[in-house]
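A closer look at the structure
Each chain is listed here by its residues.
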Amino acid sequence: MDVSFLLVHSPSVGPSTWRPVAEALRARGHTAVVPPLVDVTAGPPPYWPRVVGDVVTGAPRGPLAIVAHSNAGLFVPLIAEALTGQISACLFVDAALPPRTGSVQAAEPEFVPFLRSMADESGLLPRWTDWWPEEDVAALLPDRRTREVVVAEQPRLPLAYYLEEIPVPSRWDHVRSAYLWFGEGYATLAKEAAERGWPVDRIPGEHLHQLVAPGQVADWLVATAT
């Protein structure tokens, strides 16, 4: 079966975080698209319908593997529901893991005070890479040029984005799902994915390791989805 790859980036960053993997997938003969989600908070809340709408609008026809990174993982159930009949696999790459049903916030409760401390008087947060020390950000990225592109395209998200309830349709994970993790920060989620019976693999690296080793990540996606 010829599966296309729908690469969903976290709205906290931009589409360049998936672009090298998309290029690697195309070089391997697969269709791969990265819908841009940098404007999903441009209007009033709720924001999740715009995330889903922008992804669905950019989706190719035919069988699809949804591939989500970071907090984009929380939108996978809604995207799968919107593209019912097309989804052959839901693949999570160093990504947040949605519950089986109910709802979920983009920020874990223990992380909310940190976010509140950074919000300005209008409720806007700094760009994601500005949350962390410069040396930590540099360690995430393979070179200076990549860093410039990733930093420049990031939106400033409102605190409300991280606090809104994202619905989780029931039985969203009836399709094949798998989890790839990079760093220790996602070890617990990888363990939870394994407890759900999903295939779980690791390519050791930092949170944006798909920019460092796009070929390895593309190979895992192809092997897992096809």
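Use the structure listed above.
A separate point is the overall build of the protein chain. Scanning the protein chain for helices and strands turns up 9 helices and 8 strands. Expected size for 226 residues packed as a compact globule is a radius of gyration near 17 Å; at 16 Å, the protein chain falls within 12% of this value. The C-alpha extent of the protein chain, read off along each of the three principal axes, is 50 × 40 × 35 Å. Counting over 226 residues, the protein chain shows a buried share of 54%. A separation of at least 24 residues holds for 73% of the contacts in the protein chain among residues at least 6 apart in sequence. In the structure as shown, the protein chain presents an accessible area of about 9900 Å², 53% of it carried by carbon and sulfur atoms.

Right, let's talk about the sheet that holds strand β7 (residues 176-181) for a bit. Within a beta sheet, neighbouring strands are joined by backbone hydrogen bonds and run either parallel or antiparallel to one another. As summarised here, the arrangement of the 6 strands in space is β2-β1-β3-β4-β7-β8, forming an open sheet in which the pairing is parallel. The open sheet is flanked by β2 (32-33) and β8 (200-202), the only strands paired with a single partner. Two elements, strand β3 (residues 64-70) and strand β4 (residues 87-95), share 7 bridges in a ladder whose sense is parallel. Across the sheet, the residue bridging to isoleucine 66 is cysteine 90, located in β4.

On to unusual backbone geometry. The residue after proline 45, namely proline 46, is reached through a cis peptide bond having omega 5 degrees. Within the secondary structure layout, proline 46 lies in the loop between β2 and α2 (48-57). Although it is not a glycine, arginine 171 adopts a positive phi angle of roughly 60 degrees. Assignment of secondary structure puts arginine 171 in the loop between β6 (165-168) and β7.

Turning next to the environment of valine 13. Positionally, valine 13 belongs in the loop between β1 (4-8) and α1 (19-27). Taking relative accessible area as the criterion, valine 13 reaches 4% and is therefore assigned buried. The spacing of valine 13 and glutamate 121 is 108 residues in sequence and 22 Å in space, taken between C-alpha atoms. In this structure valine 13 touches Val38, Trp128, Gln154 and Pro155, once residues within four positions along its chain are discounted.

Okay, the pairing of β6 next. The alternating pattern of β6 places Ile166 and Val168 on a buried face and Glu165 and Pro167 on a face that is not buried. As paired strands, strand β5 (residues 102-105) and β6 are joined by 4 bridges and run antiparallel to one another. Counterpart to valine 104 in the pairing with β6 is isoleucine 166.

Here we come to the packing of α1 against helix α9 (residues 214-225). Their axes nearest at 8 Å, the elements α1 and α9 cross at an angle of 60 degrees. When the axes of α1 and α9 are compared, the pair comes out oblique. By crossing handedness, the relation of α1 to α9 is classed as right-handed. Contact residues: α1 offers Pro20, Val21, Ala24 and Leu25, while α9 offers Pro214, Gly215, Val217, Ala218, Leu221 and Val222.

The rules we used
Residues numbered from 1 in each chain as written. Predicted model: local features only at pLDDT ≥ 70, side-chain atom pairs only at ≥ 80, totals over all residues. Heavy atoms only, no water. Helix = DSSP H or I, 4+ residues; strand = E, 2+ residues; numbered from the N terminus. Rg over C-alpha atoms; globule rule 2.2 N^0.38 Å. Buried < 20%, exposed > 50% of the residue type's maximum accessible area, 1.4 Å probe, protein only. Contact = heavy atoms within 4.5 Å. Areas by Shrake-Rupley, 256 points an atom, 1.4 Å probe, with all protein chains shown as cover. Pairing = 2+ DSSP bridges. Axes fitted to C-alpha atoms, helices over the stretch in contact; angles between N-to-C directions. Parallel < 35°, antiparallel > 145°, perpendicular 65-115°, else oblique. Left-handed = near helix turned anticlockwise from the far one by under 90°.

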